[in-house]
Amino acid sequence: MVRIGVLGLQGAIREHIRSVEARGAEGIVIKHKEQLEEVDGLILPGGESTTMRRLIDKYDFLKPLIDFGKQGKPIFGTCAGLILLADEIVGKDNAHLRLMDMKVERNAFGRQRESFEAELEIKGVAKDFEAVFIRAPYVVEVGPEVEVIATYKDKIVAAKQGHYLCSAFHPELTDDHRLTGYFIEMVEKANQTVTQGS
Ligand code: GLN
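Parameters at a glance
- Every chain's residues receive numbers from 1 upward, in the order its sequence appears when written.
- In keeping with the model being predicted, local features are shown solely for residues with a pLDDT of at least 70 and side-chain atom pairs are shown and tallied solely at 80 or more, while totals for entire chains, interfaces and linings include all residues.
- Helix numbering and strand numbering both begin at the N terminus, where a helix is a DSSP run of H or I of at least 4 residues and a strand a DSSP run of E of at least 2.
- For a compact globule the rule gives 2.2 Å times the number of residues to the power 0.38, and the radius of gyration it is set against comes from C-alpha atoms.
- Whether a residue is buried, exposed or partly exposed follows from its count of other C-beta atoms within 10 Å of its own C-beta, namely 20 or more, 12 or fewer, or something in between, respectively; the C-beta atoms are built from the backbone.
- UniProt positions are given in the numbering used here, feature names are shortened, and annotations may be inferred rather than shown by experiment.
- Working definition of a contact: two residues with C-beta atoms, positioned from the backbone, lying within 7 Å.
- Using a C-beta atom placed from the backbone, a residue is scored as near a molecule or strand whenever that atom is within 6 Å of it.
- All amino acids are sorted into three groups, where Ala, Val, Leu, Ile, Met, Phe, Trp, Tyr, Cys and Pro are nonpolar, Asp, Glu, Lys and Arg are charged, and the leftover types, Gly among them, are polar.
- Any set of buried Ala, Val, Leu, Ile, Met, Phe, Trp, Tyr and Cys residues joined through C-beta atoms within 7 Å is what this text calls a nonpolar core.
- pLDDT runs from 0 to 100 and stands for how confident the predictor is about each residue.

Within the protein one finds five helices and 12 strands. Here the C-alpha radius of gyration of the protein, 15 Å, is about what a compact globule of 198 residues would show, namely 16 Å. In terms of principal-axis extent, the alpha carbons of the protein reach across some 50 × 35 × 35 Å. By the burial criterion, 45% of the 198 residues in the protein qualify as buried.

Taking the UniProt record as the reference, the feature "active site" (unreviewed entry) is found at Cys79, His170 and Glu172. On the basis of their most widely separated C-alpha atoms, the annotated residues across 94 residues gather in one place, lying no more than 11.1 Å apart. Relative to the helices and strands, His170 resides in the loop between β12 (164-167) and α5 (178-197). For His170, the contacting residues outside a window of four places in its chain are Ala12, Gly46, Thr78, Cys79, Val132 and Ile134. Once you skip the residues sitting within four places of it in the chain, Glu172 turns out to touch Ala12, Glu15, His16, Ser19, Thr78 and Thr180.

Our focus in this paragraph is the UniProt feature "binding site: L-glutamine" (unreviewed entry) in the protein. UniProt annotation of "binding site: L-glutamine" (unreviewed entry) refers to Gly47, Glu48, Ser49, Arg106, Ile134 and Arg135 when read in the numbering used here. Across 89 residues of sequence, these annotated residues stay compact in space, with a maximum C-alpha separation of 12.9 Å. Mapped onto the secondary structure, Ser49 falls in helix α2 (residues 49-58). The buried category is assigned to Ser49, around which 27 C-beta atoms lie within 10 Å. Excluding residues that lie within four positions of it along the chain, Ser49 makes contacts with Ala80, Ile83 and Leu84.

This part covers the site of the ligand. All residues adjacent to the ligand are Gly46, Gly47, Glu48, Ser49, Cys79, Ala80, Ile83, Arg106, Asn107, Ile134 and Arg135. When grouped by side-chain class, the residues that make up the shell around the ligand number four nonpolar, four polar and three charged.

Another point: the nonpolar core. Counting residues in hydrophobic clusters, the biggest one holds 64 residues, and the most contacted among them are Leu85, Ala86 and Ala168. In terms of residues, this core owes the most to one element, α5, which gives six residues. Here Ala86 is in contact with Ala95, Met100, Met102, Lys103 and Val104, once residues within four sequence places are set aside.

So, on to the environment of Lys33. Within the secondary structure, Lys33 is located in the loop between β2 (26-30) and β3 (41-44). When the C-alpha atoms of Lys33 and Leu65 are compared, they prove to be 8.0 Å apart, with 32 residues separating the residues in sequence.

What follows covers unusual backbone geometry. A positive phi is found at Asp60, a non-glycine position, where the angle reads about 60°. Within the secondary structure, Asp60 sits in the loop between α2 and α3 (62-70). Accessibility expressed as a C-beta count within 10 Å gives 10 for Asp60, which makes it exposed. In this model, Cys79 sits at a positive phi of 55°, which is unusual for a non-glycine residue.

Within the secondary structure layout, Ala190 lies in helix α5. Accessibility expressed as a C-beta count within 10 Å gives 19 for Ala190, which makes it partly exposed. When the C-alpha positions of Ala190 and Phe133 are compared, they lie 29 Å apart, and in sequence the two are 57 residues distant. In this view, Ala190 contacts Gly72, Lys73, Pro74 and His163; residues no more than four positions away in its chain are not counted.

Another point: the confidence of the model for the protein. Chain-level statistics for the protein give a pLDDT mean of 96 and a share of 96% at 70 or above. In the predicted assembly, ipTM is 0.95 and pTM is 0.96.

Rendered as structure tokens:
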């Protein structure tokens, strides 16, 4: 059984654990950087990216998180987590982990659309995924290595780059665990590659 960590500093942590468990994997709340060694993949939850970054710095998580990704271990960023993964953020000089080659805009759907639900097609995952958006960002530009897997009104709302996955919406708030399941499969595949290679 693969072990999936959920960064446990702030945001929708328990909901992701519930979703991971519903898909038959083990979910572990990561509160200390040393715990990263215990997991095969990591979810960066939704919440507030600026607060999360403050806590990442406070608990000395920045480099360990970047190293985790650079070792080839899968990371799934949802909403604020997507912002943490991006290489560039509109209107900001410094991005955070910079692991995905994309530019994102925060709170991009505007004030009047603070939160909403929409049915999306997610390539390779579902044709009818009920996506919950809460003060959601979207992706404004992607590099050549990034595969767009979902759009909403022509805006990029989910993407994949090798072992990195991101969504602008919250896939953990409903009982539809297909996107979480897709991530768990990515983690299982990455694990097999490591085992075969050694
Ligand atoms: N607007 C938030 C941010 O900028 C993200 C919202 C969310 O994660 N639901 O971090």
